[in-house]
Amino acid sequence: MAGYKGVDRLPNGYEVTVSDVFGALEKQGWSEDSICDGDALFFRNGWSQLWSQPEEYSNSPPGIGFEVARWVEARNATLIGSDSWTSGPNGCRRFRELSRGGNGFESLGMGIDLRI
C-alpha cells in the first residue's frame, strides 16, 4: 500500500480502502479477478521500518478497513497479513470480530518483513 500511495510509510491510523486495494492491484498489473480462492493477501504499509522503535511501531498503525475485510472475505482469501502488528487500523474492533467470526480467513498481523 505504501508503494501505491507513493510514500515510505502509511500514516498512523490510515485505513486502507477498497479503492486503494484496486489501485495497488492495477499498479502491479493485476485485477480483482487475479485473486483466487485460498490466496493469502499481504499489505505492506511501510511499518517494518519502525521495528527498532517499539513505541512508534505500536502507536495507531495503519491497516485495512472493514470494507476491505469484507472484500477479502468475498474473494475467499484464507490469510491476510501486514508489516504492522495488526491488519486493521488501530486494532479496529469491528475488524477483529470479522477476522475471528468463522468467515474462513485468518489475520496474521504480526510484523511480517514484506520488503522482499
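Q: How would you explain the pattern of salt bridges if you had to name every residue and give the values?
A: This model, assessed by the stated rule, comprises four salt bridges. Across the salt bridge formed by Arg70 and Glu73, the nearest N and O atoms sit 2.9 Å from each other. Placement of both Arg70 and Glu73 in helix α4 (residues 66-74) is noted, with a separation of three residues, approximately one turn of the helix.

Q: Now, about helix α2 (residues 18-27): what can you tell me, with residues and values included?
A: Note that an α-helix has 3.6 residues per turn; residues three or four places apart therefore point the same way. Turning to α2, its buried residues number three or more, namely Val18, Asp20, Val21, Gly23, Ala24 and Leu25. The inward-facing, buried residues of α2 abut α1 (2-5), β1 (15-16), β2 (40-43) and α4. Gly29 lies just past α2 and shows a positive phi near 80 degrees.

Q: Residue-level account of the nonpolar core, with values.
A: In terms of nonpolar packing, the biggest core is built from 17 residues, with Val21, Leu41, Phe43 and Trp71 touching the most fellow members. When contributions to this core are tallied by element, the ones reaching two or more residues are α2, β2 and α4.

Q: I'd like a rundown of α4, residues and numbers included.
A: Those residues of α4 that sit buried are Phe66, Val68, Ala69, Trp71 and Val72. Two residues or fewer past α4, Asn76 is found with a positive phi of approximately 65 degrees.

Q: Describe in detail unusual backbone geometry, supporting the description with residues and values.
A: Its identity as a non-glycine residue notwithstanding, Ser60 has a phi of 50 degrees, on the positive side. Residue placement: Ser60 occurs in the loop between α3 (54-57) and β3 (63-64). For Asn76, which is not a glycine, the phi torsion comes out positive at approximately 65 degrees. Note on placement: Asn76 falls in the loop between α4 and β4 (79-82). The class for Asn76 is partly exposed, based on a relative accessible area of 42%.

Q: Go over the packing of aromatic side chains with me, naming the residues and quoting the values.
A: For any two aromatic rings, the description comes down to two numbers: the centre-to-centre distance and the angle of the planes. For the structure on display, the rule yields two aromatic pairs. When the centroid spacing of 5.9 Å and the interplanar angle of 75 degrees are considered together, the rings of Phe22 and Trp71 count as edge-to-face. Here the residue Phe22 occupies a position in helix α2, and Trp71 occupies one in helix α4, the gap between them amounting to 49 residues. Ring geometry for Trp47 against Tyr57: centres 6.4 Å apart, planes inclined by 55 degrees, an arrangement best described as tilted. Residue Trp47 is found in the loop between β2 and α3, and its partner Tyr57 is found in helix α3; the two are separated by ten residues along the sequence. Exposure remark for Trp47: the relative accessible area of 0% places this residue in the buried category. Overall, the relative accessible area of 11% leaves Tyr57 in the buried class. Here the basic side chain of Arg9 rests over the ring of Trp47, its NZ or CZ set 5.8 Å away from the ring centre.

Cut-off values and rules
Residues numbered from 1 in each chain as written. Predicted model: local features only at pLDDT ≥ 70, side-chain atom pairs only at ≥ 80, totals over all residues. Heavy atoms only, no water. Salt bridge = Lys/Arg side-chain N within 4 Å of Asp/Glu carboxyl O. Helix = DSSP H or I, 4+ residues; strand = E, 2+ residues; numbered from the N terminus. Buried < 20%, exposed > 50% of the residue type's maximum accessible area, 1.4 Å probe, protein only. Contact = heavy atoms within 4.5 Å. Core = buried A, V, L, I, M, F, W, Y, C linked by side-chain atoms within 4.5 Å. Phe/Tyr/Trp six-rings, centres within 6.5 Å; stacked < 30°, edge-to-face > 60°. Lys NZ or Arg CZ within 6 Å of the ring centre and 35° of its normal.

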